[in-house]
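In case you want the letters, here they are:
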Amino acid sequence: MKYRFKKTNELTNQELLNILSLFNEIFSQERSLKELTAQYTSNPYLNSYHVLSIENTRIVGHFAFVPSDYLVDGKREKFVVGIDSFVVDGFRDGMVLLESYLCALDNFKQRGVSIILGFPDTHVNKVYSKGKLYSNIGQLNIYILPYRVGGIYKKLKYFNLLSAALSMLPSTV
């Protein structure tokens, strides 16, 4: 198994198409190439970081990280947020995850990244916890009020004006 670290603009068109195909297959979605690349390039750096896990010539794992700058105690720090991570069935062992993570860490140190943030699902969270690959800083609870509730539940279309108005109010949570 080989592990390659690349920025979005360093990925070949074929690599992007393979990532897209695997993403759509694994997550049962129909994301377009335009949507995929926009997700990776719509940030202040116009690029994201990628770790490709390659068996022979086939991509069997992909880990993407979106960079951003944050002010920490008045000092600019470079953070990355892990997104869209997946490994093809049959390669889902701790080693692929560990080696991909170590590849990312080595490259992030060279690029001045100080914090890696992530929101792992319950399956990956167990692997990260067991391998002591991260520090859990808390749970992220998300509450959302649809802008137009009738778009989700047709029977509630009469409340669209109310839900739109309520979604404009500042959050109190």
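For clarity, every value in this text was computed on a predicted model and none was experimentally measured. (Residues numbered from 1 in each chain as written. Predicted model: local features only at pLDDT ≥ 70, side-chain atom pairs only at ≥ 80, totals over all residues. Heavy atoms only, no water.)

Enquirer: Looking at this structure, I do not really get the overall build of the protein chain. What am I missing?
Expert: What the protein chain contains, in helices and strands, is 5 helices and 5 strands. Tracing the protein chain from N to C terminus, the helices and strands come up as β-α-α-β-β-β-α-β-α-α. Sorting the 173 residues of the protein chain into buried and exposed places 34% on the buried side. Only carbon and sulfur atoms are counted for the fraction: they give 56% of the accessible area of the protein chain, which is about 11900 Å². (Helix = DSSP H or I, 4+ residues; strand = E, 2+ residues; numbered from the N terminus. Buried < 20%, exposed > 50% of the residue type's maximum accessible area, 1.4 Å probe, protein only. Areas by Shrake-Rupley, 256 points an atom, 1.4 Å probe, with all protein chains shown as cover.)

Enquirer: What is the right way to read the packing of aromatic side chains from this model?
Expert: Applying the stated criterion across every chain, the model contains 7 aromatic pairs. A ring pair is formed by Phe23 and Phe27, whose centres lie 4.7 Å apart and whose planes are at 45°; its orientation type is tilted. Of this pair, Phe23 and Phe27 both sit in helix H1 (residues 13–27), 4 residues apart, which is roughly one turn of that helix. Residue classification places Phe27 among the partly exposed positions, given a relative accessible area of 35%. Aromatic side chains Phe27 and Phe86 sit 6.3 Å apart centroid to centroid with 80° between the ring planes, which places their arrangement in the edge-to-face category. On the criterion of sequence distance, the pair formed by Phe27 in helix H1 and Phe86 in strand E4 (residues 75–87) is long-range, its members being 59 residues apart. (Phe/Tyr/Trp six-rings, centres within 6.5 Å; stacked < 30°, edge-to-face > 60°.)

Enquirer: Explanation requested: the pattern of salt bridges in the structure shown.
Expert: Where side chains of opposite charge bring their charged atoms close, a pairing between them can arise. In total, this model carries 5 salt bridges according to the counting rule given. Among the salt bridges present, the one from Arg31 reaches Asp84, with a minimum N-O distance of 2.9 Å. Residue Arg31 is found in the loop between H1 and helix H2 (33–41), and its partner Asp84 is found in strand E4; the two are separated by 53 residues along the sequence. The same class applies to Arg31 as to Asp84, namely buried. Taking the shortest distance from any N to any O, the salt bridge between Arg76 and Asp69 comes out at 3.5 Å. Overall, Asp69 belongs to the partly exposed group, its relative accessible area being 27%. (Salt bridge = Lys/Arg side-chain N within 4 Å of Asp/Glu carboxyl O.)

Enquirer: What is the right way to read helix H5 (residues 160–167) from this model?
Expert: Think of an α-helix as 3.6 residues a turn; residues three or four steps apart then line up on the same face. Those residues of H5 that sit buried are Asn160, Ser163 and Ala164. Projection of H5 onto a plane perpendicular to its axis shows the buried side chains occupying an angular sector of 100°, all on one side. (Arc of directions from axis to C-beta.)

Enquirer: Could you clarify how one ought to interpret the side chain of Asn43 in this entry?
Expert: Tracing the sequence through the fold places Asn43 in the loop between H2 and strand E2 (49–55). Given a relative accessible area of 9%, Asn43 falls into the buried group. Of note is the side chain of Asn43, whose polar atom sits 3.2 Å from the backbone oxygen of Tyr40. A distance of 2.9 Å separates a polar atom in the side chain of Asn43 from the backbone oxygen of Asn47. Not counting residues up to four positions away in its chain, the partners in contact with Asn43 are Ser48, Val66 and Pro67. (Polar contact = N/O pair within 3.5 Å; in protein donor to acceptor, adjacent residues only side chain to side chain. Contact = heavy atoms within 4.5 Å.)

Enquirer: I keep staring at the nonpolar core and nothing clicks. Help me out?
Expert: A general trend in soluble globular proteins is that nonpolar side chains are found buried together. Formed by 17 residues in total, the largest nonpolar core has its most connected members in Ile19, Tyr40, Leu52 and Ile59. Elements with a contribution of two residues or more to this core: H1, H2, E2, strand E3 (58–72) and E4. Of the residues forming this core, the biggest block, 5 residues, is contributed by H1. Setting aside its immediate chain neighbours within four residues, Ile59 contacts Glu15, Asn18, Ile19, Leu22, Leu52, Ser53, Ile54 and Val88. Counting 14 residues, the second-largest nonpolar core is a separate cluster that includes Phe5, Phe65, Val96 and Ala104. (Core = buried A, V, L, I, M, F, W, Y, C linked by side-chain atoms within 4.5 Å.)

Enquirer: Which parts of the structure should I look at to understand unusual backbone geometry?
Expert: Glycine aside, a negative phi is what most residues show, and trans is what most peptide bonds show. A positive phi is found at Ser28, a non-glycine position, where the angle reads about 50°. A residue is classified by how much of its surface remains accessible, and Ser28, at 65% relative accessible area, is exposed. Phi at Asp73 takes a positive value of approximately 50°, unusual for a residue other than glycine. Mapping Asp73 onto the fold places it in the loop between E3 and E4.

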